[in-house]
Amino acid sequence: MNTTSSALAQQIVVPNVGWRRRITDHLMTGVAVLTVVLVLAPLFAIFAYLVYKGIGSINLAFLTQTPKPVGEPGGGMANAIVGTAVILAIASLLGVPFGIGAGVFLAEYGRNRYGDAVRFVADVLNGVPSIVIGIVAYGLVVVRQKHFSALAGGVALAIMMVPTIARTTEQMLLLVPQAIREAAYGLGVSRWRTTLSITLRTATSGIITGAMLAFARVAGETAPLLFTAFGNQFWNRDINQPTAALSLQIFNYAISPFDEWHRQAWAGALVLIVLIVTAVASVRFVVRRGKLAGA
């Protein structure tokens, strides 16, 4: 048997690849590489320009002090950095559970008209301008509380996070093989237990990635916070009071006529980008290590 196989292998002649196929292969490979470069080039260009314009204004005072009046040396955006973290934490605590819950409903129980309605609302909400969501949060929270607050800003950003997380969670859960669910059912595990303990655990990595995409999307939003958090030039430890945020501080400094504030606006933009990239990269690193993916 081995002798026959060797003889057949010796008789097989591999045809030479024609020059047209070689040229086409190299051409398509070059086009693929070019598209990757075109996608990544704007990202690197923006980041490089931010570093060029903002790195010179970042120092210890910028990271530890609150803003100072024009003309006074020093000053920074420490309160805005902390305020951004607080607002994003509130948004994540509100938006992530609701988004994952909606995604579970759509994937496991949403094959009906109610699921179609939820999908339609989520898709529409994804396309609503952020300033409109800010006005809605203003009516829901600020008007009732009669003052601006970090809580109102967190609610506005949470509303923006929910549809992205919901649709991503649905797609990740649909990628889990049906055989895994059927194996659990065959062992007598209830449907809700299977969803929580098996299906969700299997799709954890993708769900976390979707949550981080939503987090990165809202982290730099300014328009919703203009109607909700409003901003603050001082330290604030109460989530029911107006709170500074990096995006708000950058906006206010950028439209001012003072060169010093313009330089600090560039520095704030660089810090904001670095914080977003660090947060997303840290979570993805932990997921890849298997600490959150259950590996």
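This text goes with the structure placed above it.
Now for a quick tour of the structure. (Residues numbered from 1 in each chain as written. Predicted model: local features only at pLDDT ≥ 70, side-chain atom pairs only at ≥ 80, totals over all residues. Heavy atoms only, no water.)

Quick word on the layout of surface pockets
Here is the rule: A 1.4 Å probe that fits into a set of points on a 1 Å grid over the protein atoms alone but cannot get out defines a cavity; an open set with protein on both sides within 12 Å along at least five of seven lines defines a pocket, and lining residues are those with an atom within 4 Å of a point. Grid points are joined across faces, edges and corners, and a volume is the space filled by probe spheres set on the points. Secondary structure follows DSSP: runs of H or I at least 4 residues long count as helices, runs of E at least 2 residues long count as strands, and numbering of each begins at the N terminus. Asp, Glu, Lys and Arg are counted as charged, while Ala, Val, Leu, Ile, Met, Phe, Trp, Tyr, Cys and Pro are counted as nonpolar; the rest, among them Gly, fall into the polar class.
In this structure, the largest pocket occupies an estimated 270 Å³ of space. Residue lining of the largest pocket: Leu-40, Leu-43, Phe-44, Ile-46, Phe-47, Leu-50, Ile-273, Ile-276 and Val-277, and that is the complete set. Those elements giving two or more residues to the lining of the largest pocket turn out to be α2 (19-54) and α13 (259-289). Looking at the lining of the largest pocket, the element that brings in the most residues is α2, giving six residues. Of the residues belonging to the lining of the largest pocket, the class tally is nine nonpolar, no polar and no charged. For the second largest pocket, the calculated volume is near 230 Å³. Lining the second largest pocket are 18 residues; nearest its centre among them are Glu-72, Pro-73, Gly-74, Glu-260 and Gln-264. Mapped onto the lining of the second largest pocket, the elements with two or more residues apiece are α3 (60-64) and α13. Ranked by residues supplied to the lining of the second largest pocket, first place goes to α13 with three residues.

What about the environment of Leu-93?
You can see Leu-93 is positioned in helix α4 (residues 78-109). With 101 residues separating them along the chain, Leu-93 and Thr-194 place their C-alpha atoms 24 Å apart.

Overview of unusual backbone geometry
Not every positive phi belongs to a glycine, and Lys-146 is a case in point at roughly 70°. In this fold, Lys-146 is placed in the loop between α6 (130-145) and α7 (150-174). Positive phi outside glycine occurs at Phe-230, with the angle close to 75°. By the secondary structure assignment, Phe-230 is in the loop between α11 (223-226) and α12 (246-254).

A few points about α6
Operational definition: For a helix, the expected span equals 1.5 Å multiplied by the residue count minus one. Here the bend at a residue is taken as the angle between two axes, fitted respectively to the seven residues that end there and the seven that start there. The rule is simple: take the accessible area with a 1.4 Å probe, protein chains only, and divide by the maximum for that residue type; under 20% is buried, over 50% is exposed, in between is partly exposed. Throughout, a contact is declared for two residues whenever any of their heavy atoms are within 4.5 Å.
In this model α6 runs 21 Å from its N-terminal to its C-terminal C-alpha over 16 residues, within 8% of the 22 Å that 1.5 Å per residue would give. The principal kink in α6, of about 40°, is found at Tyr-138. Among all positions in α6, only Ser-130, Ile-133, Gly-134, Ala-137, Val-141 and Val-142 are buried. Next to the buried residues of α6 lie α5 (113-127), α7 and α11. Remark: Lys-146 follows α6 within two positions and exhibits a positive phi of approximately 70°.

With respect to the packing of α5 against α7
For the record, the criterion: Every axis in this analysis is a line fitted to C-alpha atoms, fitted for helices over the stretch in contact. Angles between the N-to-C directions lie between 0 and 180 degrees. Oblique is the label for any angle not under 35 degrees, not over 145, and not in the 65 to 115 range, which are roughly parallel, roughly antiparallel and roughly perpendicular in turn. The handedness criterion is simple: a crossing whose near helix is rotated anticlockwise from the far helix by less than a right angle is left-handed, and one whose near helix is rotated clockwise is right-handed.
α7 packs onto α5 with a crossing angle of 130° between their chain directions and a minimal axis gap of 9 Å. As summarised for this structure, α5 and α7 are arranged oblique, according to the angle between their axes. Seen from above, α5 lies across α7 with left-handed handedness. Across the interface between the two elements, Arg-119, Ala-122, Asp-123, Leu-125 and Asn-126 of α5 pack against Ile-159, Pro-163, Thr-164, Arg-167 and Glu-170 of α7. Its residues placed into classes, the contact of α5 with α7 shows four nonpolar, two polar and four charged.

Re the packing of α6 against α7
One can describe the packing of α6 onto α7 by two numbers: an axis separation of 9 Å at closest approach and a directional angle of 140°. Comparing the axis directions of α6 and α7 gives the class oblique. Seen from above, α6 lies across α7 with right-handed handedness. Contacts between α6 and α7 involve Ser-130, Ile-133, Ala-137, Val-141, Val-142 and Gln-145 from the former and Leu-151, Ala-152, Val-155, Ala-156, Ile-159 and Met-160 from the latter.

Examining the nonpolar core
Under the convention used in this document: Side-chain atoms within 4.5 Å link the members of a nonpolar core, which is a set of buried Ala, Val, Leu, Ile, Met, Phe, Trp, Tyr and Cys residues.
Counting 40 residues, the largest nonpolar core has Ile-87, Leu-157, Met-161, Leu-225 and Leu-246 as its most contacted members. The leading source of residues in this core is α13, at nine residues. If sequence neighbours within four positions are ignored, Leu-246 has contacts with Met-77, Ala-80, Ile-81, Thr-84, Gly-268, Val-271, Leu-272 and Leu-275. Counting residues in each nonpolar core, the second largest holds seven residues, with Ala-107, Val-176, Leu-200 and Ile-207 among its members.

Some details on the environment of Ala-244
Turning to its location among the elements, Ala-244 is positioned in the loop between α11 and α12. The buried category is assigned to Ala-244, whose relative accessible area is 2%. Residues Ala-244 and Ser-130, spaced 114 residues apart in sequence, show a C-alpha to C-alpha distance of 18 Å. Among residues more than four places away in sequence, those in contact with Ala-244 are Asn-79, Ala-80, Gly-83, Thr-84, Ile-87, Gly-231 and Asn-232.

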